Amino acid sequence: MAKKKEMRKPRREAFAPPAEPVNVYCLHCGCTYTSDKIEWKQGPTSPIPTGGWCCPLDGCDGAGYGYDILPDQSNRFSQS
Ligand SMILES: [Zn+2]
């Protein structure tokens, strides 16, 4: 996955995933994935129409690292 540093704006830092991917889980859909899967979504179909970091799962309205999407402390993933 290419990094999009040039796309970042200060407003996007709120609830942004950390620079180093960590294991996370979504409170809304219960899915677990790594934080680099969290997607910036914006627009009428986004859980946050004004733009926000959202769960990548289709149809899930979980949004925000540290808000709906939390670090997974349970080590369900093996370290690579
Ligand atoms: Zn979700």
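So, here is what we can say about the structure in this document.

Cut-offs and rules
Residues numbered from 1 in each chain as written. Predicted model: local features only at pLDDT ≥ 70, side-chain atom pairs only at ≥ 80, totals over all residues. Core = buried A, V, L, I, M, F, W, Y, C linked by C-beta atoms within 7 Å. Buried ≥ 20, exposed ≤ 12 C-beta atoms within 10 Å, placed from the backbone. Helix = DSSP H or I, 4+ residues; strand = E, 2+ residues; numbered from the N terminus. Pairing = 2+ DSSP bridges. Axes fitted to C-alpha atoms, helices over the stretch in contact; angles between N-to-C directions.

1. A short note on the nonpolar core
General note: in soluble globular proteins, nonpolar side chains tend to be found buried as a group. Core analysis: the largest hydrophobic core is formed by ten residues, namely V24, Y25, C26, I38, W53, C54, C55, A63, Y65 and I69. Within the residue set of this core, elements represented by two or more residues are β1 (23-26) and β4 (52-54). The greatest single-element share of this core, amounting to three residues, is contributed by β1.

2. Some thoughts on the sheet that holds strand β2 (residues 32-34)
Taken in spatial order, the three strands of this open sheet run β2-β1-β5, and their pairing is antiparallel. At either end of the open sheet lies a strand with only one pairing partner, and these are β2 and β5 (69-71). Ignoring which end each strand starts from, the neighbouring axes of this sheet average 35° apart. As defined by bridge partners, β1 adjoins β5 across three bridges and the pair is classed as antiparallel. Looking across to β5, one finds that C26 is bridged to I69.

3. Comments concerning the pairing of β1
As paired elements, β1 and β2 share three bridges and run antiparallel to each other. Bridged to V24 within β2 is Y33. Linkage of β1 to β2, two consecutive antiparallel strands, is achieved through a turn of five residues, within which G30 is found at a positive phi near 75°.

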